[in-house]
Amino acid sequence: MIQKEFYLKDDVVQIAKDLLGKELVTNSNGKISSGSIVETEAYAGIIDKASHAYGGKFTKRTQTMYLEGGTTYVYLCYGIHSLFNIVTNKSGIPHAVLIRAVQPLKGIDTMFERRPESKSERNLANGPGSLSKALGIKTIHNELQLDSKQIWLEEGLKIKNEKIIASPRVGVAYAKEDALLPYRFRIKDNPFCSLAK
DNA sequence: CAGCAGATTGACT
DNA sequence: GTCAATCTGCTGC
């Protein structure tokens with residue numbers, strides 16, 4: 001299990017990189033499933049136009065991002081998809097890392113049951129909405145601690161720096177100049193990354 | 001209070 | 001390639 005100190009660091013971009021290769025485990029409805037994180041995006045709080053908390057915006061939805069690092073932030077996108085984020089930094093600073101894709105490890109049968117539309121392991125959790133559904137993450141999992149019995153992270157694999165690809169984030173064109181920041185991180189040559197360009 | 005756009009995905013033309 | 005699904009929050013009447 002990852003120690004809480006890991007999430008409290010003040011460099012959200014570094015944490016986004018460090019999260020690659022770690023194992024995300026959920027225990028939803030009594031069924032355990034997990035995947036190795038292969039793609040993340042950093043959202044740097046009030047100075048980042050792509051972040052929900054840009055400019056210190058505080059709503060019922062975004063209040064979760066202001067909590068202490070190591071808290072889960074799950075929100076509904078397009079009214080349909082639960083997107084899973086990990087809050088970082090100290091309480092009061094709204095930093096978060098979006099988990100965009102995982103490579104299925106444990107409970108793969110359970111994941112297929114949750115996503116009958118998926119045809120292969122490759123597209124079981126290769127997107128932020130897909131991964132949440134595959135692991136059974138819903139908005140009721142918002143504001144949980146990552147050391148709870150329902151959702152947590154394991155150390156997993158160590159990813160070398162040269163295996164990490166940095167690129168602009170996806171679907172945030174409205175963020176103007178901040179949309180170009182290389183805050184998206186992927187594992188090189190990993191086929192389980194999201195399809196997004 | 002109506003209208004619209006979004007950190008997306010899957011079904012259908 | 002195109003489009004509907006449908007919740008949250010912002011803008012403007």
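See the structure printed just above.
In this report, we go over the structure that sits alongside the text.

Conventions used here
Residues numbered from 1 in each chain as written. Chains lettered and ligands numbered in written order. Predicted model: local features only at pLDDT ≥ 70, side-chain atom pairs only at ≥ 80, totals over all residues. Heavy atoms only, no water. Helix = DSSP H or I, 4+ residues; strand = E, 2+ residues; numbered from the N terminus. Rg over C-alpha atoms; globule rule 2.2 N^0.38 Å. Buried < 20%, exposed > 50% of the residue type's maximum accessible area, 1.4 Å probe, protein only. Areas by Shrake-Rupley, 256 points an atom, 1.4 Å probe, with all protein chains shown as cover. Lys, Arg positive; Asp, Glu negative; His and termini not counted. Charge placed at Lys NZ, Arg CZ, Asp CG, Glu CD. Near = heavy atom within 4 Å. Polar contact = N/O pair within 3.5 Å; in protein donor to acceptor, adjacent residues only side chain to side chain. Core = buried A, V, L, I, M, F, W, Y, C linked by side-chain atoms within 4.5 Å. Contact = heavy atoms within 4.5 Å. Salt bridge = Lys/Arg side-chain N within 4 Å of Asp/Glu carboxyl O. Nonpolar A, V, L, I, M, F, W, Y, C, P; charged D, E, K, R; others polar. Phe/Tyr/Trp six-rings, centres within 6.5 Å; stacked < 30°, edge-to-face > 60°. Lys NZ or Arg CZ within 6 Å of the ring centre and 35° of its normal.

If you tally the helices and strands in chain A, you get 4 helices and 8 strands. Each helix (α) and strand (β) of chain A, taken in turn from the N terminus, gives the series α-α-β-β-β-β-β-α-α-β-β-β. Over its C-alpha atoms chain A spans a radius of gyration of 15 Å, differing by no more than 12% from the 16 Å that the globule rule assigns to 197 residues. Across its three principal directions, the C-alpha atoms of chain A cover 45 × 35 × 35 Å. Per-residue burial for chain A yields a buried fraction of 53% across its 197 residues. Per element, the accessible surface of chain A, about 9600 Å² overall, is 55% carbon and sulfur. Here chain A holds 28 positive side-chain charges and 21 negative ones, and the gap between their average locations is 5 Å.

The immediate surroundings of DNA strand B are formed by 21 residues, with His-81, Asn-85, Arg-115, Gly-171 and Tyr-174 found nearest. Those atoms of DNA strand B that come within 4 Å of the protein belong to sugar or phosphate at a rate of 52%. Measuring from a phosphate oxygen of DNA strand B, one finds a backbone N or O atom of Gly-129 at 3.2 Å. Within the side chain of Tyr-174, one N or O atom sits 2.5 Å away from a phosphate oxygen of DNA strand B. Taken together, the elements giving at least two residues each to the surface near DNA strand B come down to β4 (81–88), β5 (95–106) and α4 (128–135).

Our focus in this paragraph is the nonpolar core. Nonpolar side chains in soluble globular proteins tend to be buried together. Judged by nonpolar contacts, the single largest core of 39 residues is most densely connected at Leu-19, Ile-37, Phe-84, Ile-86, Ile-99 and Leu-153. Those residues in contact with Ile-99 that lie beyond four places of it in its chain are Leu-19, Ile-37, Glu-39, Thr-40, Phe-84, Ile-86, Pro-128 and Leu-131. Among the nonpolar cores identified, the runner-up in size contains 15 residues, and Ala-53, Cys-77, Val-87 and Ala-179 belong to it.

Throughout the structure, instances matching the rule amount to 12 salt bridges. Here Lys-22 ties to Glu-155 by a salt bridge, and the two come within 2.8 Å at their closest N and O atoms. Here Lys-22 is found in the loop between α2 (12–18) and β1 (23–28), whereas its partner Glu-155 is found in the loop between β6 (151–154) and β7 (164–167), with 133 residues between them in sequence. A relative accessible area of 7% means that Lys-22 is categorised as buried. Taking the shortest distance from any N to any O, the salt bridge between Arg-184 and Glu-39 comes out at 2.6 Å. Taken as a pair, Arg-184 in strand β8 (residues 184–187) and Glu-39 in strand β2 (residues 31–44) lie far apart in primary sequence, 145 residues in all.

With that settled, consider the protein's contact with DNA strand C. All residues in the neighbourhood of DNA strand C are listed as Lys-57, Thr-59, Lys-60, Arg-61, Leu-76, Tyr-78, Gly-79 and Ile-80. One of the side-chain nitrogen or oxygen atoms of Thr-59 is found 3.1 Å away from a phosphate oxygen of DNA strand C. Within the backbone of Arg-61, an N or O atom sits 2.6 Å from a phosphate oxygen of DNA strand C. The class makeup of the residues in the surface near DNA strand C is 3 nonpolar, 2 polar and 3 charged.

On to the packing of aromatic side chains. One pass over the structure, following the stated rule, counts 3 aromatic pairs. When the ring of Phe-6 is compared with that of Tyr-7, the centres are 5.3 Å apart and the planes differ by 85 degrees; the resulting orientation is edge-to-face. Since its relative accessible area comes to 12%, Phe-6 is described here as buried. Using a relative accessible area of 3% as the deciding quantity, one classes Tyr-7 as buried. Ring geometry for Phe-58 against Tyr-66: centres 5.0 Å apart, planes inclined by 55 degrees, an arrangement best described as tilted. Given a relative accessible area of 54%, Phe-58 falls into the exposed group. Classification of Tyr-66 by relative accessible area gives buried; the value is 13%. The side chain of Arg-169 reaches across the aromatic face of Tyr-43, ending 4.8 Å from its centre.

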